[in-house]
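Observations on the model geometry
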Amino acid sequence: MNFSALAARLSLEHAAGPVPASFDGVYAGDLLSRVMSRLEKDQLWITIMNNVNVVAVASLSEAAAVILAEDVSLLPEAAAAAEEKGIAVFRTEMTAYEICREISRLADGGAI
Amino acid sequence: MAEPLHLHFAVDGQDFSSAGQASVTVKKRLRQLGFSPEVMRRVSIAMYEGEINMVIHAHGGEADVYISDTEIVIVLSDRGPGIKDVALAMQAGYSTAREEIRALGFGAGMGLPNMKKYTDEMQIDTKIGVGTTVLMKVRVKP
């Protein structure tokens, strides 16, 4: 699925890192070990966690990008780590459910 | 590789923000050595969980990684309090992590289960009041 199209359609705000071209599925969750157990390579990860460990988990799991839900801001230390490790982080006011619902709708309609 | 490549790391028990440095370094080395993304992912996630465990429960420790063509061996040793009930600690969802640790997103009770899930072999050697050594092996498919 096309990430730039998704970011534009949902008005995602770019917080850090290089913008990925595409993604392949989604995982939403906040407990980091659960995330590492389930998040697959090249998936989008939706979370409300905003500390530096999020960047480590996204990097080790090879996520396509992280989307921070519910208007959460990336902490400065985490933003610096994301730039250094090349992890894309975006943010939005939407809840995880709303983001997932929109991705599903856009994907079904062939828009992303 | 004729002999296994040995990497050694001291894991700082004070600092959550730097926890994971050893795993990230190992992942980079595996990439440079040409291992598959699957092997890199399994090794680095299992090792990261182990590192975090040492920081949460044992004030840090030591990590040794031995890389050969056929397997990657990770040995994590600490002088922490030891694990009272290993079978219980292995249960998904069981955690003794403190509240401030949980606020960082850890303490899901999935650390040891993940380490087992992502490796081919795992041994835990623990003694109350002395410390814990965890050995993990990830085999490389030819």
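A few points on the structure. Starting afresh in each chain, residues are numbered from 1 along the sequence in its written order. By the order in which they are written, chains take letters starting at A while ligands take numbers starting at 1. Confidence filtering applies because this is a predicted model: local features only for residues at pLDDT of at least 70, side-chain atom pairs given and counted only at 80 or more, and all residues used for totals across whole chains, interfaces and linings. Side-chain metrics in this entry use all non-hydrogen atoms of the structure; hydrogen atoms and water are not considered.

When its secondary structure is counted, chain A shows 5 helices and 5 strands. Counted from the first residue to the last, chain A has its helices and strands arranged as α-β-β-α-β-α-β-α-β-α. For the radius of gyration, the atoms used are the C-alpha atoms, and the globule rule reads 2.2 Å times the number of residues raised to 0.38. Taken over C-alpha atoms, the radius of gyration comes to 12 Å for chain A, in line with the 13 Å a tight globule of 112 residues would show. Summarising its shape, the C-alpha atoms of chain A cover approximately 35 × 25 × 25 Å along the three principal directions. Categorising residues by exposure relies on relative accessible area from a 1.4 Å probe, with only protein chains included: less than 20% of the type maximum marks a residue as buried, more than 50% marks it as exposed, and the intermediate range marks it as partly exposed. Buried positions account for 54% of the 112 residues belonging to chain A. Contact between two residues is taken to exist if any of their heavy atoms lie within 4.5 Å; hydrogens are not considered. Restricting to contacts in chain A with at least 6 residues of sequence separation, those with at least 24 account for 47%. Surface accessibility follows the Shrake-Rupley procedure with a 1.4 Å probe radius. Residue values consider only the protein chains on display as shielding. Accessible area of chain A: about 4800 Å², with a carbon and sulfur share of 46%. Here the positive residues are Lys and Arg and the negative ones are Asp and Glu; neither His nor the chain ends is included. By convention, the point assigned to a charge is CZ for Arg, NZ for Lys, CD for Glu and CG for Asp. For chain A, the distance from the average position of its 8 positive side-chain charges to the average position of its 15 negative side-chain charges is 5 Å. Helix and strand assignments come from DSSP, with helices taken as H or I runs of at least 4 residues and strands as E runs of at least 2, each series counted from the N terminus.

For the rest of this paragraph, the subject is the packing of aromatic side chains. All names here are of chain A. Centres within 6.5 Å are what make two rings of Phe, Tyr or Trp a pair, Trp counting through its six-membered ring; a difference in plane orientation under 30 degrees is then read as stacked, over 60 as edge-to-face, and the rest as tilted. In the structure shown here, the tally under the stated rule is 2 aromatic pairs over all chains. Between Phe-3 and Phe-23 the ring centres are 6.2 Å apart and the planes differ by 85 degrees, which places this aromatic pair in the edge-to-face class. Separated by 20 residues along the polypeptide, Phe-3 in helix 1 (residues 3–9) and Phe-23 in the loop between strand 1 (13–16) and strand 2 (26–28) bring together distant segments of the chain. A residue is classified by how much of its surface remains accessible, and Phe-3, at 0% relative accessible area, is buried. An aromatic cluster is defined as three or more aromatic residues linked by ring pairs; in this entry it consists of Phe-3, Phe-23 and Phe-90.

Each side of the interface is counted separately: chain A has 22 residues, and chain B has 22 residues. Where chain A abuts chain B, roughly 1900 Å² becomes buried across the two surfaces, and 55% of that area is made up of carbon and sulfur atoms. Salt-bridge contacts for Lys-27 of chain B lead to Glu-62 of chain A; the nearest nitrogen and oxygen are separated by 3.1 Å. Whenever a nitrogen or oxygen atom comes within 3.5 Å of another N or O atom, the pair is scored as a polar contact, on the condition that within protein one atom can donate a hydrogen and the other can accept it, and that pairs from neighbouring residues in sequence are kept only if both atoms are in side chains. At the junction of chain A and chain B, the tally comes to 12 residue pairs in polar contact (both at pLDDT 80 or more). Residue assignment for the side of chain A that touches chain B shows that the elements contributing at least two residues are helix 2 (32–38), helix 3 (52–61) and helix 4 (76–85) of chain A. Take the side of chain A that touches chain B: its biggest share by element is 7 residues, from helix 3 of chain A. The residue makeup of the side of chain A that touches chain B, split by class, is 9 nonpolar, 6 polar and 7 charged. Buried area: the sum, over both parts, of the accessible surface (1.4 Å probe) that disappears when the two are put together. We define a salt bridge as a side-chain nitrogen of Lys or Arg found within 4 Å of a carboxyl oxygen belonging to Asp or Glu. Under the grouping applied here, Gly and all other residues not named as nonpolar or charged are polar, the nonpolar ones being Ala, Val, Leu, Ile, Met, Phe, Trp, Tyr, Cys and Pro and the charged ones Asp, Glu, Lys and Arg.

So, on to the sheet that holds strand 3 (residues 71–78) of chain B. Residue and element names in this part refer to chain B. Sheet architecture is open: 5 strands sit in the order 1-2-3-5-4, paired in antiparallel fashion. This sheet does not close on itself; its edge strands, each paired only once, are strand 1 (5–12) and strand 4 (121–127). Direction aside, neighbouring strands of the sheet carry axes that sit 10 degrees apart on average. Paired strands, as defined in this entry, are two strands with at least two bridges between them according to DSSP. In the sheet, strand 4 pairs with strand 5 (residues 131–139) via 7 bridges, with the strands oriented antiparallel. Each bridged residue has a counterpart across the sheet, and for Met-122 the counterpart in strand 5 is Met-136. The angle between two axes is taken between their N-to-C directions and runs from 0 to 180 degrees, where each axis is a line fitted to C-alpha atoms and a helix contributes only its stretch in contact. Packed on one face of the sheet, helix 1 (residues 21–32) meets strand 1, strand 2 (60–67) and strand 3 and runs near 160 degrees to strand 1. Contacting strand 1, strand 2, strand 3 and strand 5, helix 2 (residues 37–58) crosses the sheet at an angle of about 5 degrees to strand 3.

Now for the layout of surface pockets. Residue and element names in this part refer to chain B. A cavity here means a set of 1 Å grid points, computed over protein atoms only, where a 1.4 Å probe fits but cannot escape. A pocket is an open set with protein on both sides within 12 Å along at least 5 of 7 lines, and lining residues have an atom within 4 Å of a point. Grid points are joined across faces, edges and corners, and a volume is the space filled by probe spheres set on the points. Its boundaries defined by the atoms lining it, the largest pocket holds a volume of some 700 Å³. Lining the largest pocket we find 34 residues, and of these His-57, Ile-83, Ala-89, Thr-96 and Leu-112 sit closest to its centre. At 8 residues, helix 2 tops the list of elements feeding residues into the lining of the largest pocket. A breakdown of the residues in the lining of the largest pocket according to their chemical character gives 19 nonpolar, 11 polar and 4 charged.

Glancing now at the packing of helix 1 of chain B against helix 2 of chain B. Residues and elements named next belong to chain B. At a minimum axis distance of 8 Å, the contact between helix 1 and helix 2 shows a crossing angle of 165 degrees. Judged by the inter-axis angle, helix 1 sits roughly antiparallel to helix 2. Classified by chirality, the crossing of helix 2 by helix 1 is right-handed. Residues Gln-21, Ala-22, Ser-23, Val-26, Lys-27, Leu-30 and Arg-31 of helix 1 touch helix 2, and the partners they reach there are Met-40, Val-43, Ser-44, Met-47, Tyr-48 and Glu-51. Partitioned by chemical class, the residues of the contact of helix 1 with helix 2 number 7 nonpolar, 3 polar and 3 charged. Between 65 and 115 degrees an angle is taken as roughly perpendicular, under 35 as roughly parallel, over 145 as roughly antiparallel, and anywhere else as oblique. Should the near helix be turned counterclockwise from the far one by less than a right angle, the crossing is left-handed, whereas a clockwise turn marks it as right-handed.

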